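Here is what each chain is made of, one letter per residue.
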Amino acid sequence: MTIKNDTKTGTILQAEKITKRNAKKLATQYIESLNELKTLQQQFIPKQPIILDPYKISSLYQPSYYLSGDFFEYVALDKNRIGIFIIDIVGKGLSASFSTILLKSIFETVIQKEKTPKAIMQNINNKMYHTMELKRHSGCGFFGVLDTKENTLTYCNCGIGIAKIFRKNNIIELCDYGGFMLGAINNVLYTEGTIKLKSNDTLVFATDGLEDVKNESGERIGQEWLKNTILTHLKNKIEGRLVVHQIEHYIQTQIGNKVALEDDISAIC
């Protein structure tokens, strides 16, 4: 078995036959390379909350191990509107993580030309179809435009795991508008819809890794906990603690000392 040098990804391993004598050294170099790639990938991900009165936007990003096949971004479209994009690339590990790097470039190009959710998703879909390799060029995504003046969300849902509005004791599923997953079929036509937001609404957009987490007993934690966590947060109005922190805390209490998750987790609240 040989490990080849890959200058494009910054991998530092040289082509070298693995033996008992050098196995530990090569394993260490491999881990160092993964850490370099992890650092590179995480530079693309928004880390700090954004406050746009009366809205607070925060996020959670947790790869299943070293690298993630998830990508998200939010970008100012004008002084009143912010675009929110999240996608879960099919697959895991290195191939999926490299796709997210290419996807960031695609997104930055598209967002300069298109402003409506359906147009943005149609353009991203076509570029993914033509530029990403077969079997790892598709993903489930969501793009929404939050208008802080009109208090509306205009969205296009392309199969993302979670896209919900938590409103008092009700949950509104944002699944009526959108279309097929991104990158799988060329020239897909997407739809978009607009929903009026109300005071204290909590919006959550997340990849399905958020529901695939398994506790220390190996049981999938599912969906009900997310509803309970957010509704409890709204009821108690915990000042200074973002909803995303409550979500992260709950997950950590469930997984305990597990080293790796079942799937990547990305969430925007």
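Everything that follows concerns the structure shown earlier in this document.
This text gives an overview of the structure that appears in the document. Note that the structure is a prediction, hence the values are computed from the model and not measured. (Residues numbered from 1 in each chain as written. Predicted model: local features only at pLDDT ≥ 70, side-chain atom pairs only at ≥ 80, totals over all residues. Heavy atoms only, no water.)

**Some remarks on the pattern of salt bridges**
In step 1: Tallying each qualifying case throughout the model produces six salt bridges.
In step 2: Note that Lys104 and Glu108 form a salt bridge whose closest N and O atoms lie 2.9 Å from each other. One end of the pair is Lys104 and the other is Glu108, both in helix 2 (residues 93-113) and four residues apart, which spans about a single turn.
In step 3: By relative accessible area, Lys104 is classed as buried at 14%.
In step 4: Residues participating in the shared-partner salt-bridge network are Glu73, Lys104 and Glu108. (Salt bridge = Lys/Arg side-chain N within 4 Å of Asp/Glu carboxyl O. Helix = DSSP H or I, 4+ residues; strand = E, 2+ residues; numbered from the N terminus. Buried < 20%, exposed > 50% of the residue type's maximum accessible area, 1.4 Å probe, protein only.)

**Some words on the sheet that holds strand 3 (residues 59-62)**
In step 1: The antiparallel open sheet is built from five strands, whose spatial order is 3-12-11-8-9. The sheet is open, and its two borders are formed by strand 3 and strand 9 (170-173), each paired with just one other strand. With strand direction ignored, the average angle separating the axes of adjacent strands in the sheet is 20 degrees.
In step 2: Two strands pair when backbone bridges link them, and strand 8 (residues 162-167) and strand 11 (residues 202-206) are joined in this way by five bridges, in the antiparallel orientation. Of the residues in strand 11, the one forming a bridge with Phe166 is Thr202.
In step 3: Across the face of the sheet, helix 5 (residues 224-236) comes into contact with strand 8, strand 9 and strand 11 while running at roughly 35 degrees to strand 8.
In step 4: Sitting on the sheet, helix 6 (residues 243-255) touches strand 3, strand 11 and strand 12 (265-268), and the angle it makes with strand 3 is about 30 degrees. (Pairing = 2+ DSSP bridges. Axes fitted to C-alpha atoms, helices over the stretch in contact; angles between N-to-C directions. Contact = heavy atoms within 4.5 Å.)

**Structural notes on the sheet that holds strand 10 (residues 193-196)**
In step 1: The strand order across the open sheet formed by five strands is 4-5-6-7-10, and the pairing between neighbours is antiparallel. Strands at the two margins of the open sheet, each flanked by one partner only, are strand 4 (70-76) and strand 10. Adjacent strand axes in the sheet meet at a mean angle of 15 degrees, parallel and antiparallel pairs treated alike.
In step 2: Here strand 5 (residues 81-89) runs beside strand 6 (residues 139-147); their pairing, made up of nine bridges, is antiparallel. Following the sheet pairing, Phe85 is matched in strand 6 by Phe143.
In step 3: Running at roughly 150 degrees to strand 6, helix 3 (residues 117-131) makes contact with strand 5, strand 6 and strand 7 (152-158) of the sheet.

**Quick notes on the environment of Asp201**
In step 1: By the secondary structure assignment, Asp201 is in the loop between strand 10 and strand 11.
In step 2: Residues Asp201 and Ile165, spaced 36 residues apart in sequence, show a C-alpha to C-alpha distance of 6.5 Å.
In step 3: Once you skip the residues sitting within four places of it in the chain, Asp201 turns out to touch Ile165, Phe166 and Arg167.
In step 4: A polar contact of 2.7 Å, which involves the side chain of Asp201, links it to the side chain of Arg167. (Polar contact = N/O pair within 3.5 Å; in protein donor to acceptor, adjacent residues only side chain to side chain.)

**With respect to the nonpolar core**
In step 1: Residues Phe85, Leu103, Ile124 and Phe205 are the most contacted members of the largest nonpolar core, which totals 46 residues.
In step 2: Once residues lying within four places of it in the same chain are set aside, the contact partners of Phe85 are Phe71, Phe72, Glu73, Leu103, Phe107, Met121, Ile124, Phe142, Phe143, Leu182 and Ile268.
In step 3: Counting residues in hydrophobic clusters, the runner-up holds 21 residues, among them Val204, Trp225, Val244 and Ala267. (Core = buried A, V, L, I, M, F, W, Y, C linked by side-chain atoms within 4.5 Å.)

**Details of the packing of helix 5 against helix 6**
A packed helix pair is summarised by two numbers, namely the angle formed by the two axes and the spacing between the axes.
In step 1: Relative to each other, helix 5 and helix 6 sit at 135 degrees, their axes nearing to 10 Å. The orientation of helix 5 relative to helix 6 falls into the category oblique. Regarding helix 5 and helix 6, the two cross each other, and that crossing is right-handed. Touching Trp225, Leu226, Thr229, Ile230 and His233 of helix 5 are Val243, Gln246, Ile247, Tyr250 and Ile251, all from helix 6.
In step 2: In the contact of helix 5 with helix 6, the residues fall into seven nonpolar, three polar and no charged. (Parallel < 35°, antiparallel > 145°, perpendicular 65-115°, else oblique. Left-handed = near helix turned anticlockwise from the far one by under 90°. Nonpolar A, V, L, I, M, F, W, Y, C, P; charged D, E, K, R; others polar.)

These figures come from the coordinates and say nothing about function on their own.
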